[in-house]
Amino acid sequence: MLKPVITPDETTQLRRLLNDARNVVLTCHTSPDGDAIGSCLAMQEYLVRRGKQATVIVPNYFPDFLHWMNGADRILQYNRNYTLSKTLIAQADLVVCLDFNDLQRIDDMQTPFRFIKGKKLMIDHHENPSKFCDMTISRPQMSSTCELLFRLFVALDDLQNVNRHCAEDLYAGMCTDTGRFSYNSNNPEIFNIIAELMKKGIDKDHIIRNIYNQNTEGRYRLMGYILYEKLIVMHDLHASIFSITREELQRFHYMKGDAEGIVNMPLEIKGQKLSIALREDTEKEQICVSIRSYDDFPANEMAERFFNGGGHFNAAGGRLFCPMDEALEIAKQAVEAYRTQLCGSDEQTQTNA
């Protein structure tokens, strides 16, 4: 039995929104990851089984390693299908915003949001949600939006409309947002949820292979180059920084998703608490920042303070609009600004000595 995560009043409001909707648009944040695509496709499967017309529209391209998911080939990309996307969004009587908490997270898709006539529903697990929806279900304590979505289906007493494809999508989102359940996944109920998804007929081993064993040769060569040539390890601060330019990405035949997860690898070095990745965007004049941390280091606070971003406590991101050499200096300044938190245990050891 799972502990309830929404109140009876919220359940009633959610049920009413879904019952009243006929034409639904599902969307997520820019550069969608496994949780974003998983939650969109899972919700689509669920709604279609309930007799709704449901369309997934994402801001831009999503990684190839997610294209195996049922329905992925029917996802509309806003940046390639402006006219149709705008029409569908305008005609929708419900727009469900999944895995993002602020309109800035959808970039150019903010424009058609101004003309939505229907209701807007947010289902998300990021902190400090903006108030732009008619109903907001935000639970930052959840490991992923997909976990929250499953719990909502339970609250609606409607697991009968969660089929195998829906369950696969939910597992994929939970798996990717927890690094194969290696972080942010200590709640025992997460594994109860996995057991329920397996009862729906999913093959979790096959899903993991579909996600993690579909890498390009370029990704591995890029990874080796970053770790050997570009990684700056600041042992005294228990932190690492690496940068990658657009030209370097082109050199390794970069495809969307090839840099996914590399930011986590420096944390495997003994004693490391913080990893920062700086990557030039291949489409816009900006630098994408990814931050990962361990234990009590606030990655989201650093992202907001130095990188125009935010996110989860141990996994956050942001953007910089400057040359790479300047971005590197900002990253170094950010690490230095948190010297006390990064070196707290060292200083305590020296004091005790």
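**Student:** I tried to follow the packing of aromatic side chains on my own but got confused; where do I start?
**Tutor:** Centre distance and the angle of the planes are the two values used to describe a pair of aromatic rings. The tally for this structure, following the rule as stated, stands at ten aromatic pairs. Judged by centre distance (5.2 Å) and plane angle (80°), the ring pair of Y78 and Y82 falls under edge-to-face. Judged by relative accessible area, Y78 falls into the buried class, the value being 4%. Three or more aromatic residues link up through ring pairs in this structure, and these residues are F297, F306, F307 and Y338. The ring of Y212 is capped by R180, whose NZ or CZ atom sits 3.8 Å from the centre of that ring.

**Student:** Which parts of the structure should I look at to understand the pairing of strand β12 (residues 315-320)?
**Tutor:** In the case of a regular strand, side chains alternate between the two sheet surfaces. In β12, alternate side chains face the same way, and those of A316, G318 and L320 are buried while those of A315, G317 and R319 on the opposite face are not. Direction of pairing for strand β10 (residues 287-293) relative to β12: antiparallel, over a ladder of six bridges. Bridging across to β12, S290 finds its partner in G317. Alignment of strand β11 (residues 310-311) against β12, held across two bridges, turns out to be antiparallel.

**Student:** What's the story with the nonpolar core in this structure? I'm lost.
**Tutor:** Side chains that are nonpolar tend, in soluble globular proteins, to be buried together. Core analysis: the biggest nonpolar cluster contains 58 residues, and L14, L26, M43, L121, I123, L170 and L197 have the highest contact counts within it. When residues in this core are grouped by element, the largest group, eight residues, is from helix α2 (residues 34-49). Beyond its immediate chain neighbours, meaning those up to four positions away, L26 contacts C40, M43, Q44, L47, A54, T55, V56, I57, V96 and L98. Core analysis: the next-biggest nonpolar cluster, separate from the first, contains 29 residues, A239, F307, A327 and A331 among them.

**Student:** I keep staring at helix α1 (residues 8-20) and nothing clicks. Help me out?
**Tutor:** The periodicity of an α-helix, 3.6 residues per turn, causes residues three or four places apart in sequence to face the same way. Between its terminal C-alpha atoms α1 stretches 18 Å, which fits the 18 Å expected from 13 residues at 1.5 Å a residue. The complete set of buried residues in α1 reads E10, T11, L14, L17 and L18. The arc that holds the buried residues of α1, viewed along the axis, is 130°, so those residues lie on one side. Exposed and facing more than 90 degrees away from the buried side of α1 are P8, D9 and D20.

**Student:** Where do I start with the sheet that holds β12 in this structure?
**Tutor:** In a beta sheet, neighbouring strands pair by backbone hydrogen bonds and run either parallel or antiparallel. One open sheet holds the six strands; their spatial order is β7-β8-β9-β10-β12-β11, and the pairing between them is mixed. On the outer flanks of this sheet lie β7 (232-234) and β11, each paired with one strand and no other. With three bridges joining them, β7 and strand β8 (residues 239-244) adopt antiparallel strand pairing. The partner of I232 across the bridge, within β8, is I241. Packing of helix α9 (residues 217-230) onto the sheet brings it into contact with β7 and β8, and relative to β8 it is tilted by some 125°.

Thresholds applied
- Each chain carries its own residue numbering, running from 1 in the direction its sequence is written.
- At least 70 in pLDDT is required for a residue's local features to be given in this predicted model, at least 80 for side-chain atom pairs to be given and counted, and no such filter applies to totals for whole chains, interfaces and linings, which use all residues.
- Note that the side-chain values use all heavy atoms of the structure and ignore hydrogens as well as water.
- Pairing of aromatic rings covers Phe, Tyr and the six-membered ring of Trp, with a centre-to-centre limit of 6.5 Å; geometry is then stacked below 30 degrees between planes, edge-to-face above 60, and tilted otherwise.
- For each residue, the accessible area found with a 1.4 Å probe, counting protein chains only, is set against the maximum for its type, and the residue is called buried under 20%, exposed over 50%, and partly exposed in between.
- Sitting over a ring, as applied to charges here, requires NZ of Lys or CZ of Arg to be within 6 Å of the ring centre and within 35 degrees of the ring normal.
- Runs of H or I in DSSP of at least four residues are treated as helices and runs of E of at least two as strands, each being numbered from the N terminus.
- When DSSP locates at least two bridges between a pair of strands, those strands are taken to pair.
- Residues enter a nonpolar core if they are buried and are Ala, Val, Leu, Ile, Met, Phe, Trp, Tyr or Cys, with the set joined through side-chain atoms within 4.5 Å.
- Working rule for contacts: check all heavy atoms of both residues, and any pair within 4.5 Å makes them a contact.
- Helix span, expected: 1.5 Å multiplied by one less than the number of residues in the helix.
- The arc refers to the directions leading from the helix axis to the C-beta atoms.
- Axes, fitted as lines to C-alpha atoms, cover a helix only where it is in contact. Angles between the N-to-C directions of the axes lie from 0 to 180 degrees.

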